[in-house]
Amino acid sequence: NWFASIVRKPRSLPRMDFELGIPDECRTMVVVPTLLTGQRRIAEIMEGLELRYLANRDPNLWFGLLTDFGDADQERVEGDDALLELAAGGIDELNGKYGDGAHERFLLFHRPRLYNPQEGCWMGRERKRGKIEDFNALLCGPLGDRFSRIVGDASQLSSIRYVITLDTDTDLPWGAGWRLVGAAAHPLN
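Each chain has its residues counted from 1, following the order in which its sequence is written. Predicted model: local features are reported for residues with pLDDT of at least 70 only, side-chain atom pairs are reported and counted for 80 or more only, and whole-chain, interface and lining totals are derived from all residues. To get the side-chain values, all heavy atoms of the structure are used, and hydrogens and water are removed first.

Visitor: Teacher, can you tell me more about the nonpolar core here?
Guide: A general tendency of soluble globular proteins is for nonpolar side chains to be buried together. Counting residues in hydrophobic clusters, the biggest one holds 33 residues, and the most contacted among them are Leu49, Phe63, Leu65, Ile91, Phe106 and Leu108. Those elements giving two or more residues to this core turn out to be β1 (28-36), α2 (39-55), β2 (61-69), α3 (80-98), β3 (106-110), β7 (162-165) and α5 (176-185). Numbering of helices and strands runs from the N terminus; a helix is a DSSP stretch of H or I covering at least four residues, while a strand is a stretch of E covering at least two. Among the elements that take part in this core, α3 stands out by supplying 7 residues, more than any other. By definition in these notes, contact holds between two residues if any of their heavy atoms fall within 4.5 Å. Sequence-distant contacts of Leu65, that is, excluding residues within four places in its chain, are made with Val32, Ile45, Met46, Leu49, Ile91, Leu107, Leu108 and Phe109. Core analysis: the next-biggest nonpolar cluster, separate from the first, contains 12 residues, Val31, Phe109, Phe135 and Phe147 among them. The set of buried Ala, Val, Leu, Ile, Met, Phe, Trp, Tyr and Cys residues whose side-chain atoms join them within 4.5 Å is what this entry labels a nonpolar core. For the exposure calls, accessible area comes from a 1.4 Å probe over protein chains only, and a residue counts as buried if that area is under 20% of its type's maximum, exposed if over 50%, partly exposed in between.

Visitor: For this particular structure, what's the right way to read the packing of aromatic side chains?
Guide: What describes a pair of aromatic rings is the distance from one ring centre to the other and the angle between the planes of the rings. Side-chain rings of Phe, Tyr and Trp, where Trp is taken by its six-membered ring, are said to pair if the distance between their centres is within 6.5 Å; with planes under 30 degrees apart they count as stacked, over 60 as edge-to-face, and otherwise as tilted. The tally for this structure, following the rule as stated, stands at 8 aromatic pairs. Geometrically, the ring pair formed by Tyr53 and Phe106 is edge-to-face, given 5.2 Å between the ring centres and 65 degrees between the ring planes. Taken together, the residues span a long stretch of sequence, with Tyr53 in helix α2 and Phe106 in strand β3 at a distance of 53 residues. When its relative accessible area of 7% is taken as the criterion, Tyr53 is described as buried. Between Phe109 and Phe135, the ring centres sit 5.1 Å apart and the planes meet at 65 degrees, which makes this aromatic pair edge-to-face. One end of the pair, Phe109, is in strand β3; the other, Phe135, is in helix α4 (residues 127-140), and 26 residues separate them in sequence. In this structure Phe109 comes out as buried when scored by relative accessible area, which is 0%. Owing to a relative accessible area of 1%, Phe135 belongs among the buried residues under this scheme. Within the aromatic cluster, the residues linked to one another by ring pairs are Tyr53, Phe63, Tyr98 and Phe106. For a Lys NZ or an Arg CZ to count as sitting over a ring, it must be within 6 Å of the ring centre and within 35 degrees of the ring normal. Note that Arg105 overlies the ring of Trp62, its terminal NZ or CZ placed 4.5 Å from the centroid. In this arrangement the basic side chain of Arg179 is found over the ring face of Trp178, its NZ or CZ atom lying 5.5 Å from the centre.

Visitor: Looking at this structure, I do not really get the environment of Asp58. What am I missing?
Guide: Tracing the sequence through the fold places Asp58 in the loop between α2 and β2. With 30 residues separating them in the primary sequence, Asp58 and Thr28 have C-alpha atoms 9.8 Å apart. A polar side-chain atom of Asp58 sits 2.8 Å from the main-chain amide nitrogen of Asn60. Identification of polar contacts relies on pairs of N or O atoms within 3.5 Å, with a donor-acceptor requirement for protein atoms, meaning one able to donate a hydrogen and the other able to accept it, and with residues adjacent in sequence counted only if both atoms are side-chain atoms.

Visitor: Just to check I follow, could you spell out the layout of surface pockets for this structure?
Guide: Rolled over the atoms, a probe sized like a water molecule indicates the empty space that remains. Taken as a whole, the largest pocket spans an internal volume of roughly 160 Å³. Thr34, Leu35, Asp68, Arg127 and Lys131 are the residues nearest the centre of the largest pocket, which is lined by 13 residues in total. Every element with two or more residues in the lining of the largest pocket is listed here: β1, β2 and α4. Think of it as three bins: nonpolar holds Ala, Val, Leu, Ile, Met, Phe, Trp, Tyr, Cys and Pro, charged holds Asp, Glu, Lys and Arg, and polar takes everything else, Gly as well. Here the lining of the largest pocket is composed, by residue class, of 4 nonpolar, 3 polar and 6 charged. Definitions used throughout: a 1 Å grid over protein atoms alone; a cavity as a set of points that fits a 1.4 Å probe which cannot get out; a pocket as an open set with protein on both sides within 12 Å along at least five of seven lines; a lining residue as one with an atom within 4 Å of a point. Grid points are joined across faces, edges and corners, and a volume is the space filled by probe spheres set on the points.

Visitor: What is the right way to read the environment of Ala87 from this model?
Guide: Topologically, Ala87 is positioned in helix α3. For the pair formed by Ala87 and Leu108, sequence separation is 21 residues and the distance between their alpha carbons is 7.9 Å. Excluding anything up to four places from it in sequence, Ala87 contacts Leu36, Ile42, Met46 and Leu108.

Visitor: Help me understand the sheet that holds β2 in this model?
Guide: Pairing between the strands of a sheet comes from backbone hydrogen bonds, and it takes one of two forms, parallel or antiparallel. Should DSSP find at least two bridges between two strands, the strands are taken to pair. Reading across the sheet, the 5 strands line up as β6-β3-β2-β1-β7 and stay open at both edges, with mixed pairing between neighbours. Here the strands that pair on one side only, and so sit at the sheet edges, are β6 (149-151) and β7. With direction set aside, neighbouring strand axes in the sheet form an average angle of 25 degrees. Where β1 and β2 come together, 9 bridges link them in parallel fashion. Paired with Val32 across the strands is Leu65, a residue of β2. Angles run from 0 to 180 degrees between N-to-C directions of axes, and those axes are lines fitted to C-alpha atoms, restricted for helices to the stretch in contact.

Pasting the structure below:
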């Protein structure tokens, strides 16, 4: 990276000015792929999702979690249901707290474990990359069975044009949402 930055200087991408709001035709979903591993972790994930929303309030910006359980020796493990209910409750709580009455801003997309013979265990298909692939497929077609549970108002998914993917430890500072969408929407990009 250091060598590449010396050889080729970075340049700014052209972007549309969406500071006053992301237009309807550029609706965007911010997704965070993550594992449901414990109560404390779920609380941290919910807090992070709420902070990203508070820094990027826009009527055309949605926030979602793409979740799996951790790898296991069997498809279902004791405590899985409780963790999923805790995460679903967190999404419901955020929607209740920040809902505008028309649309729910927060969603949860949970995938079941599948047996992976190469790994010799039950796990989410392709881990993080698989979550993103499954979510993109969901945006492009019918709900199907890629996700075993969806929490929140999924009726708006067909209108999503862009997806911003963040790691659980990545912030979305104030205004970064509309700036990223503005760069994605610019015709030269």
